[in-house]
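This is what each chain is made of:
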Amino acid sequence: MQSCRRKSLWLALLASWLLGLLGILPLLRLAVPTGPRAGAPQGWPRWLDAELLQSFLQPGELPEDAPQLRRAPRGGSCDWGACFDTSKCRSGGFKVFVYPMAEPISEMQHKILASIEGSRYHTVSPTEACLHLLSLEAPAGACSLVPPKWNGGKNHLVLRLHPASCSGTFQLGRVMVAEASPTVDTFRPGFDVALPLLPEAHPVRGGAPGQLRQHSPHPGAALLALAEERGGWRVAGTDSSACPWDGHCEQDHGPEQTHPGAALPNATFCLIPGRRADALRFLQALQAGCIPVLLSPRWELPFSEVIDWTKAAIVADERLPLQVLAALQEMPPTRVLTLRQQTQFLWDTYFSSVEKVIRTTLEIIQDRILGASAHPSLLWNSAPGALLALPTFSTSPLDFPFYYLQQGSRPAGRFSALIWVGATGQPPLKLIQAVAGSQHCAQILVLWSNDKPPPPSWPETAVPLLVIEGHRKVSARFFPHSAISTDAILSLDAHSSLSTSEVDFAFVVWQSFPERMVGFLTWSHFWDEAQGRWGYTAERVNEFSMVLTSAAFYHRYYHTLFTHSLPKALRRLAEAAPPCVDVLMNFLVAAATKLPPIKVPSGRRHEDASPPRVPGDLEPAARDCIDRVAAGFGHMPLVSSRLRLDPVLFKDPVSVLRKKYRGLEKP
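Residues numbered from 1 in each chain as written. Predicted model: local features only at pLDDT ≥ 70, side-chain atom pairs only at ≥ 80, totals over all residues. Heavy atoms only, no water.

Peer 1: Would you mind showing me how to read helix H6 (residues 321-329) here?
Peer 2: One full turn of an α-helix is made of 3.6 residues, so residues set three or four places apart face in the same direction. Within H6 the residues assigned to the buried category are Pro321, Val324, Leu325, Ala327 and Leu328. The buried residues of H6 occupy one face: seen down the axis, they fall within an arc of 160°. (Buried < 20%, exposed > 50% of the residue type's maximum accessible area, 1.4 Å probe, protein only. Helix = DSSP H or I, 4+ residues; strand = E, 2+ residues; numbered from the N terminus. Arc of directions from axis to C-beta.)

The structure is reproduced here in structure tokens:
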């Protein structure tokens, strides 16, 4: 009897050990990432979620069926150092020449050409170009032939926004390939560029905003949405314990809804099969704020060289549906919130238009050329993104106005005053005295744009005063002058009338909001239903969306962004209608921050001293500028606000001796 009991006990222990081994091995396979590729940036993570499923393996202890390192495609040893000559790019700058496109030109080719020609990289001279671009977006039978200056493909970029575009026309050789959803077997990390698969109707600029309105998971919202082969999304309820992408599950599938015609999913997680044809669903999930869950993807993630997709997407093994579903159901709400917010940032910054996709591609190539001076990962993966954080200004996040709070720092306590003296302006002697009396003023720069010579003598001030002559264009007031020594800039016109107290208080407010514009006089924009266009007004109402740069604080980085990032067409518009400069600068800051400006109180004398810049008194070209600027941006970035910040005890019926900024209330 005892021997039988011992045998039964041993059999039970052996069975328990086998069941435990079989249960843990799939989790181990799910949690193990592939080893990093030597000499190349890492791409997709190969685990479900590092916070939920930690790896139990030591380095080198991989399962037999673990993913293998990808093969070297398209010529094998071709990499950035061997197949691209950076010497010309460093001497003449990063310029891009586009080869003439074969007729007939498709709609997507028109969008590509418009995006490149509107960028700061474009050149019409192939001799001064650092990069030669060839688009293969032509229909079948109309593909481009080998260009005359092909040079084996060196310093060339072949652009394919659709997988079926003119493949196999000629040997690529040493050419870079920017292709939509390239397969992992043909993609060359660190040399090729993985693009998103765009629909034909993708807008050329601007683009639709992200659709996420409720950042936190709503109790009644669907947990899963599955991309279906026939189009649309199949939605499963939050109480479903099914594995909806696997027909062999034994559990009840629960309540499901089928939406074949739905363009965007309405769920927390979007399950996307690993087929290359489903890559378009990835972009839909990003726009909808639905966390993409890719099931063993066989295509390279778009812009994986610079974007950290572990902050916005999840990769899962399609062979383990129940474990994946359980992990998604148990994911903490804070993690879900972080992932969904990042999907919206990436969509709005890099994927919402053809122009952004093209600019991101060129920025990645420029970063390779710059090497150590390229964008750090933080600038690529946090707002406002690398497209609005120019490396020519700095590569340190501390130098940009967007990262002070994130880095735990604060701008310096000094500012530079830039006083613009136009064709009809007089030397602003009283204004100089008032600004120089500020305890925060570091220097005063007078930008003399008058036909008359400047006066030989200027008032004596406690801070340095420098006169800069020869700038006749009104946009020169936003040029990044090397003489500016502070982060904060107080932009003024010669007709402005401010007191020292007004300047001091406005600067203290700006120090708390260094990414925004802080000003005294405001405009507001509106949509004119009768004319079907945008308009703006200077009427004194509670709501505003712009501050006039005739008296405003902002960060000096916006001068660099205005000069080197704006399309040429918008800058020409500012020259034709000078009041459009105010609109253009406000558009630029709002597009970068997605925040409204801040208004501070000003005296009546400042409003009375302002010239007639009310939109109704301007020329038709100036009145139309907000509509034309909105068309140039592709969307309306301005944000309205009703907030005005006043100092403590402002206009309170107390003794003036108790007030810090006493000059604010003087008539």
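Peer 1: Is there a simple way to think about the pattern of salt bridges in this case?
Peer 2: Once their charged atoms are close, side chains differing in charge can pair, the charge on each being opposite to the other. Following the criterion strictly, the structure yields 14 salt bridges and no others. Where arginine 298 meets glutamate 318, a salt bridge forms, and the shortest distance between an N and an O atom there is 3.7 Å. Separated by 20 residues along the polypeptide, arginine 298 in the loop between strand E10 (291-295) and strand E11 (314-316) and glutamate 318 in the loop between E11 and H6 bring together distant segments of the chain. The exposure class of arginine 298 is partly exposed, given its relative accessible area of 41%. By relative accessible area, glutamate 318 is classed as partly exposed at 32%. A salt bridge links glutamate 305 to arginine 368; the shortest N-O distance between them is 2.5 Å. Of this pair, glutamate 305 sits in the loop between E10 and E11 while arginine 368 is found in helix H8 (residues 354-370), placing the two residues 63 residues apart along the sequence. With relative accessibility at 27%, the residue glutamate 305 sits in the partly exposed group. (Salt bridge = Lys/Arg side-chain N within 4 Å of Asp/Glu carboxyl O.)

Peer 1: Just to check I follow, could you spell out the sheet that holds strand E21 (residues 598-599) for this structure?
Peer 2: Hydrogen bonds between backbone atoms are what pair the strands of a sheet, whose relative direction is either parallel or antiparallel. In space, the 7 strands of this open sheet follow the order E14-E13-E12-E15-E20-E16-E21, with mixed pairing throughout. In this open sheet, the two edge strands, each paired with only one partner strand, are strand E14 (465-469) and E21. Pairing between strand E16 (residues 518-519) and E21: 2 bridges, direction parallel. Note that in E21 the partner of glycine 519 across the bridge is lysine 599. The strands touched by helix H13 (residues 557-564) are strand E12 (415-421), strand E15 (488-493) and strand E20 (551-555); relative to E20, the strand with the most contacts, the crossing angle is about 90°. (Pairing = 2+ DSSP bridges. Contact = heavy atoms within 4.5 Å. Axes fitted to C-alpha atoms, helices over the stretch in contact; angles between N-to-C directions.)

Peer 1: What is the right way to look at helix H14 (residues 568-576) in this model?
Peer 2: Every buried residue belonging to H14 is among Leu570, Leu573 and Ala574, and all of these are buried. Summarising the axial view, the buried residues of H14 lie within an arc of 100°, below the 170-degree limit, and thus occupy one face. Of the exposed residues in H14, the ones pointing more than 90 degrees away from its buried face are Lys568, Arg572 and Ala576. On its buried face, H14 is in contact with helix H15 (580-593) and helix H18 (625-633).

Peer 1: I tried to follow the side chain of asparagine 450 on my own but got confused; where do I start?
Peer 2: As for its placement among the helices and strands, asparagine 450 is situated in the loop between strand E13 (441-448) and E14. Its relative accessible area of 6% is what places asparagine 450 among the buried residues. Within the structure, the side chain of asparagine 450 is placed 3.2 Å from the backbone oxygen of glycine 422, a separation counted as a polar contact. From its side chain, asparagine 450 meets the backbone nitrogen of lysine 452 in a polar contact 3.0 Å long. (Polar contact = N/O pair within 3.5 Å; in protein donor to acceptor, adjacent residues only side chain to side chain.)

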